[in-house]
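# Results of the structural survey
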Amino acid sequence: MDLNVNKWLILHLCSNIILLFLSVGLFAMHHARYTPSGFGFLYFIAILCCLGFVVMILTDLVTSATRQIHGQIVHKQGRTIHVSRNDGKLKKYRVLVPEVLQKLEQGQFVNISLTKLAHIPSSITIVDTPGENESSFLQAR
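These remarks concern the structure in this document. (Residues numbered from 1 in each chain as written. Predicted model: local features only at pLDDT ≥ 70, side-chain atom pairs only at ≥ 80, totals over all residues. Heavy atoms only, no water.)

Turning our attention to helix 2 (residues 38-62). Helix length check: helix 2, at 25 residues, gives a terminal C-alpha distance of 36 Å against a target of 36 Å (1.5 Å per residue), a fit within 8%. When helix 2 is considered as a whole, its buried residues turn out to be Gly40, Ile47, Cys50, Val54, Ile57 and Asp60. Check the buried side of helix 2 and you find it contacts helix 1 (5-33) and strand 4 (109-115). (Helix = DSSP H or I, 4+ residues; strand = E, 2+ residues; numbered from the N terminus. Expected span 1.5 Å × (residues − 1). Buried < 20%, exposed > 50% of the residue type's maximum accessible area, 1.4 Å probe, protein only. Contact = heavy atoms within 4.5 Å.)

This is how it looks when you write it as structure tokens:
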């Protein structure tokens, strides 16, 4: 089940580019009026952070590198699913596509594909597991 990750990455990219331009504008206006001060340094740090996010999101958009997470849905709350991974860690993932969210239920085994740098879910696959795989999953924990 595809989660339209490119749509969300482009949305985040646009918002970060807007924040980047606003930070650069504020930095230029502050620097022109006053000598460099603490606020100028804060604007500079904001520019670096926004630029880092833009580069990270652009890298995820251009490359198709993903990470696979295998686990079991423990809890579903609103648009968030809590997944117990095979290594025993409990992680939260936001699912923004209502059609996909309706198909997910507590206790299902899933494979989640995440983008490499931003860790945004790009697809979720429900794994049909017979009783034998459930016991091996519980033993692995």
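Under the definition given, this model contains one salt bridge. Arg85 is the partner of Asp87 in a salt bridge, and the nearest nitrogen-oxygen pair spans 2.7 Å. Given a relative accessible area of 12%, Arg85 falls into the buried group. (Salt bridge = Lys/Arg side-chain N within 4 Å of Asp/Glu carboxyl O.)

On to the side chain of Asn16, then. With respect to the helices, strands and loops of the structure, Asn16 is situated in helix 1. Residues contacting Asn16, with those up to four places away along its chain left out, are Cys50, Phe53, Val54 and Ile57.

Looking now at the nonpolar core. Residues Ile81, Val95, Leu104, Ile112 and Ile124 are the most contacted members of the largest nonpolar core, which totals 15 residues. Of all the secondary structure elements, the ones that give two or more residues to this core are strand 1 (66-77), strand 2 (80-85), helix 3 (98-103) and strand 4. Grouped together as the second largest cluster of nonpolar side chains are five residues, Val5, Leu9, Leu13 and Ile57 included. (Core = buried A, V, L, I, M, F, W, Y, C linked by side-chain atoms within 4.5 Å.)

Let's shift gears to the environment of Asp128. Mapped onto the secondary structure, Asp128 falls in the loop between strand 5 (121-127) and helix 4 (131-140). Take Asp128: its relative accessible area is 72%, and that puts it in the exposed class. For the pair Asp128 and Gln108, spaced 20 residues apart in sequence, the C-alpha separation works out to 8.0 Å.

The next thing to look at is the pairing of strand 2. Summarising burial for strand 2: six of the six residues are buried, a large majority. By the alternation rule, side chains of strand 2 split into Thr80, His82 and Ser84 and Ile81, Val83 and Arg85, which are all buried. For strand 1 and strand 2, the ladder comprises six bridges, and the chain directions are antiparallel. Within strand 2, the residue paired with His75 across the bridge is His82. Where strand 1 folds back on strand 2, the antiparallel hairpin that results is connected by two residues, among which Gly78 adopts a positive phi of roughly 60°. The pairing of strand 2 with strand 3 (residues 90-94) spans five bridges and is antiparallel. Looking at the pairing, His82 lines up with Lys92 of strand 3. The hairpin turn running from strand 2 into strand 3, its antiparallel successor, is four residues long, and Gly88 in that turn takes a positive phi close to 95°. (Pairing = 2+ DSSP bridges.)

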